[in-house]
Amino acid sequence: MDRMTTDLSPDNAVLDAETARRVEALIEEDEGAANRLPGWLGMLVSGLALAMSLFHLWAAWDIVPTTVLRYTHVGFVLVLTVLVFPLARRFRHRVMLWDWVLAAAAVYVLYYLIAGGDALTDRYVFPEKMDLVVGWLLIALVLEATRRSSGWIMPAISICFMLYAFFGNYLPAPWTHRGYDSERLIPHLTITLEGIFGTAVDVSSSLIILFTIYGAILQATGAGKFFVDFSFRLFGGKPSAAGRTVVLSSFLLGGPSGSGVATTVTLGTVAWPMMKRVGYRADDAGGLLAAGGLGAIISPPVLGAAAFLIAEYLKISYLDVLRMAMVPTCLYYASLLFMVELDQRRIGVMPEVAEAGDGLGALTRRYGFHFSSLIAIIVFMVWGYSGTMSVLYATGVAVVLSFIRPETSLWPRRLAEALALGSVQVLNIAATCACAGIIVGVVTLTGLGLKFSEIAIHAAGGSLLMTAVYTALVVWIVGLAVPVTASYIICAVIAAPALMKLGVPDYAAHMFVFYYAVLSEVSPPTALSPFAAAAITGAGPYRTTMQAWKYTLPAFVLPFVFVTDPDGVGLLLMLKPGMTWVTVVWQILLATLGLAALAAAAQGQARWRLTGWERGISFLAGVFLVFPVLVEGIAEWITGRDIPSPHWIGVGLFLLLLLRQVRRPAAA
């Protein structure tokens, strides 16, 4: 039974009630089961959320002391989280007595921290009894806020790390440490800027919330709808229009949103009817939609929340992070396009796609100003403004440009609603950042990061390749249990140092961790993007996940280029000392050809369907082109001899495959 309407227009595609319910449940698994509060309660929560947005916009414009900004940010997050997210699902859409108690406790903690001032900070080594009581209360509130908004796994991991801090002295070497009591651990986590109020909350309070406000403004102006409509119109009536539309729409939507699940659901709602009509199977369509959603997290100008943390950990500008993400993002989407073109031949998509509504020219003339949202932030950063000021000014530009069309205008009421929504959307990320601060605080206090690095390097026998493999597995496993942001924070302080000890540049190590943290979006049992796509298409969730893995192959393989190939970092930096533009272009060309070969191997399709040995040749060509250093290392390990110029072998294999495909008759 068709779960979607038969109208192919993106303006009219909707989900039926049952599918909408399942999709909403999956989104709530990622973002928490939020209340819909009626009457004065709803107005109160909206007012608090609006106040939170206004405070952070003011803090971005004016100078606010670091501790005050972080304390106030966490205070807002705790109060709003216990009011917006219920204790359990059966208490939804109402505020219970205990919610008011927790909100009051959060306000008291905020008052105690701000009123304590420098005196509180100065006595963290010898805390007073009330300091410890408030500290324990703050930790309990953070754990509960994270549980309500993101699930129980992250709080459980944080509790395990605290137990490690308390009782690690009883563990055998190399995991042991001297042990810490409450008087040492609790102030470290709750008073200093090394724990809950550390780097993650700093980024959440100064950047992430501004970007969620920016995204909410764009959502209110209809930018997301325009991007989807534009993609449909641009590729309408072409054989592979459905797949190309998903790829382009995911980039345009993902840039401003930075949310994988939201992008998947938005695309699936409007694209699945068209994909079904041209011949996509439900699991193929779901896999491509999920792959597009994952691309949203690695697409400039926003990337995911973890990207802001990369800039802070490395002490570089956010523009540098965007620059590092540019080529990998282009390669990722190039690989998706290869997959789409091969889909056209593999499944034989039908050549006609209906196009409804205004033409491309008319649509662009009316709403083309939304494209400014893709470049405004970057323009301001290139102009010399900080990331904070750039997103602030870009938000102002979006508000001003909204008045170009009457239906997009943000008059005070709509603007207030958008600002309030921006704060609500940051709650689960901000709570996760605060909870991750507990883990980071334990790691810095106990030296666990250095211990783990030594263990990983020893287990890998000092091999960079095996250390990278172990690191990828650790990040992937952690990503199965926690959101992308939390996965990156945990592994950035635990796993990344192992790579850096073996000579990998810090930026390459952190980008490696970031990309594997992102893979949690398509990795069961928490593969929320494929599961959401499966709910829309009606396919099996695990079959959809396997298809998503196939489409996201470049996201799995590209990070190894960053850390194993000395010239591979050119894909991040474009230029490094001793590297010319010729070398950079050559690296990009090799990677593109290699990804095309890997795409053909994954699809089992080139111009014609590949035989078994042709598929093997295509895979080998891809490996030799993308991982020449890896091939050299394996060859030397097995034979004791080097393979000269493995990338040329890859080029030769790829050309051989193409020649055979061109010469093969259609009947074959």
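Above this text sits the structure in question.
In this text the structure is predicted, and so the values were computed from the model without any measurement.

Rules used in this analysis
Residues numbered from 1 in each chain as written. Predicted model: local features only at pLDDT ≥ 70, side-chain atom pairs only at ≥ 80, totals over all residues. Heavy atoms only, no water. Patch = residues over 30% accessible without salt bridge, like charges linked within 9 Å, V, L, I, M, F, W, Y side chains within 5 Å. Areas by Shrake-Rupley, 256 points an atom, 1.4 Å probe, with all protein chains shown as cover. Salt bridge = Lys/Arg side-chain N within 4 Å of Asp/Glu carboxyl O. Helix = DSSP H or I, 4+ residues; strand = E, 2+ residues; numbered from the N terminus. Buried < 20%, exposed > 50% of the residue type's maximum accessible area, 1.4 Å probe, protein only. 1 Å grid on protein atoms, 1.4 Å probe; cavity = no way out; pocket = protein on both sides within 12 Å on 5 of 7 lines; lining within 4 Å. Points joined across faces, edges and corners; volume = space filled by probe spheres on them. Polar contact = N/O pair within 3.5 Å; in protein donor to acceptor, adjacent residues only side chain to side chain. Contact = heavy atoms within 4.5 Å. Core = buried A, V, L, I, M, F, W, Y, C linked by side-chain atoms within 4.5 Å. Phe/Tyr/Trp six-rings, centres within 6.5 Å; stacked < 30°, edge-to-face > 60°. Lys NZ or Arg CZ within 6 Å of the ring centre and 35° of its normal. Expected span 1.5 Å × (residues − 1). Bend = angle between axes of the 7 residues up to and from the residue.

Asks: Could you give an account of a nonpolar patch on the surface, naming the residues involved and the relevant values?
Replies: A surface patch of nonpolar side chains, amounting to about 460 Å² of accessible area, comprises Tyr108, Tyr111, Met130, Val133 and Leu137. Elements supplying a minimum of two residues to the nonpolar patch: α4 (97-122) and α5 (129-150). When residues of the nonpolar patch are assigned to their parent elements, the largest contribution, three residues, is made by α5. By secondary structure assignment, the location of Val133 is in helix α5. The exposure class of Val133 is partly exposed, given its relative accessible area of 41%.

Asks: Which residues make up empty space enclosed by the protein, and what values go with them?
Replies: A water-sized probe, rolled over the atoms, reveals where empty space remains. Counting across every chain of the model gives six cavities of 30 Å³ or more. Computed from the structure, the largest cavity encloses a volume of approximately 70 Å³. Considering the residues around the largest cavity, the lining is formed by Tyr214, Leu218, Thr221, Phe369, His370, Ser372, Ser373, Ala394, Val397, Ala398, Leu401 and Ser402. Residue assignment for the lining of the largest cavity shows that the elements contributing at least two residues are α8 (199-221), α16 (372-382) and α17 (387-401). Top contributing element to the lining of the largest cavity by residue count: α17, with four residues.

Asks: Describe the side chain of Thr192, listing the residues and the values that go with them.
Replies: Mapping Thr192 onto the fold places it in the loop between α7 (182-190) and α8. Engagement of the side chain of Thr192 in a polar contact is seen with the backbone oxygen of His188, the distance being 2.6 Å. Among residues more than four places away in sequence, those in contact with Thr192 are Tyr124, Pro187 and Phe197.

Asks: Quick rundown of the nonpolar core? Include the residues and the values.
Replies: A general trend in soluble globular proteins is that nonpolar side chains are found buried together. Among the nonpolar cores identified, the biggest contains 215 residues, and Met275, Tyr280, Tyr318 and Tyr488 are the most heavily contacted of them. Per element, the largest residue contribution to this core is 17 residues, and it comes from helix α18 (residues 412-446).

Asks: Quick rundown of the pattern of salt bridges? Include the residues and the values.
Replies: Within this structure, the stated rule accounts for 18 salt bridges. A salt bridge links Asp283 to Arg543; the nearest nitrogen and oxygen atoms lie 2.7 Å apart. Of this pair, Asp283 sits in helix α12 (residues 282-297) while Arg543 sits in helix α25 (residues 541-551); the two residues are 260 residues apart in sequence, bridging distant segments of the chain. You can call Asp283 buried: its relative accessible area is 5%. Several salt bridges converge on common partners, so that one network encompasses Arg281, Asp283, Asp284, Arg543 and Lys550.

Asks: Please give an account of the packing of aromatic side chains that cites residues and values.
Replies: Under the defined criterion, the tally for this structure stands at 28 aromatic pairs. Relative to Trp58, the ring of Phe55 has its centre 6.0 Å away and its plane inclined at 50°; by these criteria the two rings are tilted. Of this pair, Phe55 and Trp58 both sit in helix α2 (residues 39-61), separated by three residues, roughly a single helical turn. For Phe55, a relative accessible area of 15% corresponds to the buried category. Residues Phe380 and Tyr385 carry aromatic rings whose centres are separated by 6.2 Å and whose planes lie at 70° to one another, so their mutual orientation is edge-to-face. Among the aromatic side chains, those forming a connected cluster through ring pairs are Trp61, Phe380, Tyr385 and Tyr393. The ring centre of Tyr367 lies 5.7 Å from the NZ or CZ of Arg405, which sits over that ring. The ring of Tyr551 carries Lys550 above its face, with NZ or CZ at 4.9 Å from the centroid.

Asks: Explain α18 to me, and be specific about the residues and the numbers.
Replies: A rise of 1.5 Å per residue sets the reference length of α18, with its 35 residues, at 51 Å; its end C-alpha atoms lie 50 Å apart and thus fit the reference within 8%. Of all bends in α18, the biggest is about 40°, found at Leu427. Where α18 ends, the next residue or the one after it, Gly447, has phi of about 75°, a positive value.

Asks: Just give me the short version of helix α13 (residues 305-314), but keep the residues and values in it.
Replies: In terms of burial, α13 is a largely internal element, eight of the ten residues being buried. Positive backbone phi, approximately 60°, marks Lys315, located one or two places after α13.

Asks: So what's going on with the environment of Arg660? Which residues, and what values?
Replies: Residue position: Arg660 is located in helix α31 (residues 646-663). C-alpha separation for the pair Arg660 and Trp608, spaced 52 residues apart in sequence, amounts to 10.0 Å. Those residues in contact with Arg660 that sit more than four places away from it in its chain are Trp613 and Glu614. Here Glu614 takes part through its side chain, which lies 2.6 Å from a polar atom of the side chain of Arg660.

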